[in-house]
Amino acid sequence: MRQIEIPAEKPAPIGGAAPTVAVFSHGCRANQEEIECLLGALRDRGFRPVPFGGSADWTIINTCSVTHAGEADARRTIRRAVRLSGGGRVVVTGCFAQRDPADAARLGADLVVGNGEKWRIPDLLTSAASGEGSCTGVLFQADPTTRRFLGHGTRPSGFRTRAALKVQDGCDERCTYCIIPSLRGRSVSRDPDEVLAEARLLVESGHQEITLTGIHTAAYGADRGGPNLAGLLRRLLAVERLERIRLNSLEPQWVDAELLDTLASSPRFCRHLHLPLQSGDAGVLKRMGRGYRPEAYREVAARARAAIPGVGIGADVMVGFPGEDEEAYANTVALLEEVRPSYLHVFPYSERPGVASARLPGRVDEETKRRRARRLAALDRRFRTAFLRAADGAVHDLIVEAKEDRAGGAQCLTDTYIRVAVETDRSAGSWVTARLRWIGDPRRMRGIAVDSAVEESRR
Ligand code: SF4
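All values derive from a computational prediction rather than experimental measurement.

For the rest of this paragraph, the subject is the domain arrangement of the protein chain. Assigned domains within the protein chain: domain 1 (20–139), domain 2 (162–391) and domain 3 (395–458). Averaged C-alpha coordinates put domain 2 and domain 3 at centres separated by 26 Å. Contacts between the two partners involve 19 residues from domain 2, matched on the other side by 12 residues from domain 3. Elements supplying a minimum of two residues to the side of domain 2 that touches domain 3: strand E13 (312–319) and helix H13 (366–391). Top element by residues in the side of domain 2 that touches domain 3 is H13. It accounts for six residues.

Within the largest apolar cluster, 74 residues are counted, with the highest numbers of intra-cluster contacts made by Leu-165, Val-255, Leu-275, Ala-304 and Val-420. A domain split of this core shows at least three residues from each of domain 2 (162–391) and domain 3 (395–458). In this view, Leu-165 contacts Glu-33, Val-195, Glu-198, Ala-199, Leu-202, Ile-210, Leu-212 and Thr-213; residues no more than four positions away in its chain are not counted. Of all hydrophobic cores here, the second largest spans 52 residues; its members include Phe-52, Leu-111, Cys-171 and Ile-215.

Let us now look at the packing of helix H7 (residues 192–204) against helix H8 (residues 229–236). Between H7 and H8, whose axes approach to 10 Å, the crossing angle comes to 40 degrees. Classified by the interaxial angle, the pair formed by H7 and H8 is oblique. Every pair of crossing elements has a handedness; the one defined by H7 and H8 is right-handed. In this structure, H7 uses Pro-192, Val-195, Leu-196 and Ala-199 to contact H8, whose residues at the interface are Leu-232, Arg-235 and Leu-236. Of the residues in the contact of H7 with H8, the class split is six nonpolar, no polar and one charged.

Moving on to the site of the ligand. Around the ligand, the neighbouring residues are Cys-171, Glu-173, Cys-175, Cys-178, Ile-180, Pro-181, Ile-215, His-216 and Glu-251. Its residues placed into classes, the shell around the ligand shows six nonpolar, one polar and two charged.

What follows is about the sheet that holds strand E11 (residues 244–247). The three strands lie next to each other as E7-E10-E11, forming an open sheet whose pairing is parallel. Every interior strand has two partners, whereas the edge strands, strand E7 (162–166) and E11, have only one. Sheet twist, expressed as the mean angle between neighbouring strand axes with direction ignored, is 25 degrees. The pairing of E7 with strand E10 (residues 209–213) spans five bridges and is classified as parallel. Within E10, the residue paired with Leu-165 across the bridge is Leu-212. Set on the sheet, helix H1 (residues 29–44) makes contact with E7 and E10; between it and E7 the angle comes to about 100 degrees.

We now examine unusual backbone geometry. Here the residue pair Gly-226 and Pro-227 is connected by a cis peptide bond, since its omega of -5 degrees sits within 30 degrees of zero. Tracing the backbone shows Pro-227 in the loop between E10 and H8. For Arg-340, which is not glycine, the phi torsion reads 50 degrees and is therefore positive. Position of Arg-340 relative to the elements: it lies in the loop between helix H12 (326–339) and strand E14 (343–348). Arg-340 sits in the partly exposed class, given 15 other C-beta atoms within 10 Å.

In contact at an axis separation of 9 Å, H8 and helix H9 (residues 257–264) are set at 20 degrees when each is read in the N-to-C sense. In terms of their interaxial angle, H8 and H9 are classed as roughly parallel. Considering only the axes of H8 and H9, their crossing is left-handed. Together, Leu-229, Ala-230, Leu-233 and Arg-234 of H8 and Glu-258, Leu-259 and Thr-262 of H9 make up the contact between the two elements.

Picture the strands of a sheet paired through backbone hydrogen bonds; they go either parallel or antiparallel. Spatially, E15-E18-E19-E17-E16 is the arrangement adopted by the five strands of the open sheet, whose pairing is mixed. The sheet terminates laterally at strand E15 (395–399) and strand E16 (410–413), the two strands that pair on one side only. Here the average twist between neighbouring strands, direction ignored, is 45 degrees. Relative to strand E19 (residues 445–449), strand E18 (residues 431–437) is paired through four bridges, and the arrangement is antiparallel. Paired with Arg-435 across the bridge in E19 is Ile-448.

End to end, H12 covers 20 Å across 14 residues, agreeing with the expected 20 Å (1.5 Å per residue, within 8%). Within H12 the residues assigned to the buried category are Ala-328, Tyr-329, Asn-331, Thr-332, Leu-335, Leu-336 and Val-339. The arc that holds the buried residues of H12, viewed along the axis, is 155 degrees, so those residues lie on one side. Opposite the buried face of H12, at more than 90 degrees from it, the exposed residues are Glu-326, Glu-327, Ala-330 and Glu-337. The first or second residue beyond H12 is Arg-340, which carries a positive phi of 50 degrees.

Reading the values: the criteria
- Residues numbered from 1 in each chain as written.
- Predicted model: local features only at pLDDT ≥ 70, side-chain atom pairs only at ≥ 80, totals over all residues.
- Domains from an automatic or database assignment.
- Contact = placed C-beta atoms within 7 Å.
- Helix = DSSP H or I, 4+ residues; strand = E, 2+ residues; numbered from the N terminus.
- Core = buried A, V, L, I, M, F, W, Y, C linked by C-beta atoms within 7 Å.
- Buried ≥ 20, exposed ≤ 12 C-beta atoms within 10 Å, placed from the backbone.
- Axes fitted to C-alpha atoms, helices over the stretch in contact; angles between N-to-C directions.
- Parallel < 35°, antiparallel > 145°, perpendicular 65-115°, else oblique.
- Left-handed = near helix turned anticlockwise from the far one by under 90°.
- Nonpolar A, V, L, I, M, F, W, Y, C, P; charged D, E, K, R; others polar.
- Near = placed C-beta within 6 Å.
- Pairing = 2+ DSSP bridges.
- Expected span 1.5 Å × (residues − 1).
- Arc of directions from axis to C-beta.

Laid out in structure tokens, this is it:
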């Protein structure tokens, strides 16, 4: 592997025709946000975005490594980009690039950039496009911890009403199954003033809703000595015309009364919490190194519901962790039946190289994992159905995200995270008040636009 020369941070001007750039991201919302920021920064430097999957002077792929399947997808996408880019350069970054840069290079990537160096990509490409620097090889540091956050550029695309804003990176927890801390480094929080400035920029470019993302978002501020996440949320209320603020997944042991009270304090905060459970069995949770017991999860869900009426609570659940016997699995099902989240994301345990759980006894065979996942998928359908049925008839103020939804209406999302197809001719970005209707589909509802003044008097 050849370590490349790092050009100066100042972008060099690009002469001649604008170089084209295509981007693609796998994985979590933080990855999606990063790729949008890279695109924004490159657009500012004179690159012209083109769709991924065709020829492009530069193709950037942000990869995932959280599971075997995530890495398989990354490999497939790299091969495809190399094949279709028409002789353009392919840049691979993200968690797979950090975990195995040599493999990414072997698959045909011209430039491989580890997570800690991702922020350099716009400068690297600008220099190379103007003939001032090399842009092949591997740029990588073993400790990927970085204090540099990518910005969205001066002209973030406002064609969507909802944008992600990364406020935190890395993780100091040590869940025994998780490879992410070794690929993202220690927990680092973005400067709160920088977060506010980025939020204002997003609003000015037409976004009305922001989802705060991170790898361990709930730990926001801990490395800086404050403000914490609740404090950051309160500060964000000062951003005018930022109508809605959402949070991505929060580790349940970090959800305290201050955070819940803050979320309950303004209708601009969405009533939606994604709280990864992983297991409802005390022994499995302990071996996972999750730092809470099942009763703590039950309690935080109950506190959230008491503080924020109608809140939607989503949960991640892992099946087949080493040592998960039938009794442990039954404990997970029992806890879920008790808590009744509004939806589940179910993952089979996927062993990653070098993680502590790889040394644990009690392997669970693949067929058992599939069977358990199938049963939880059925539970997920039941929970979604119950949550949506309970919302039948409720009136919500919604932002039209896109004109055409698959179901033929305007595409909207409630603050509680229910997808709604609203029958309205309002354009994207406008508000509509709608009565939700259950249509027998656990993944979406229909919305009937109502006259808010008339409805107001009925509420
Ligand atoms: S909290 Fe646990 S699962 Fe989440 S990124 Fe950190 S180590 Fe991984």
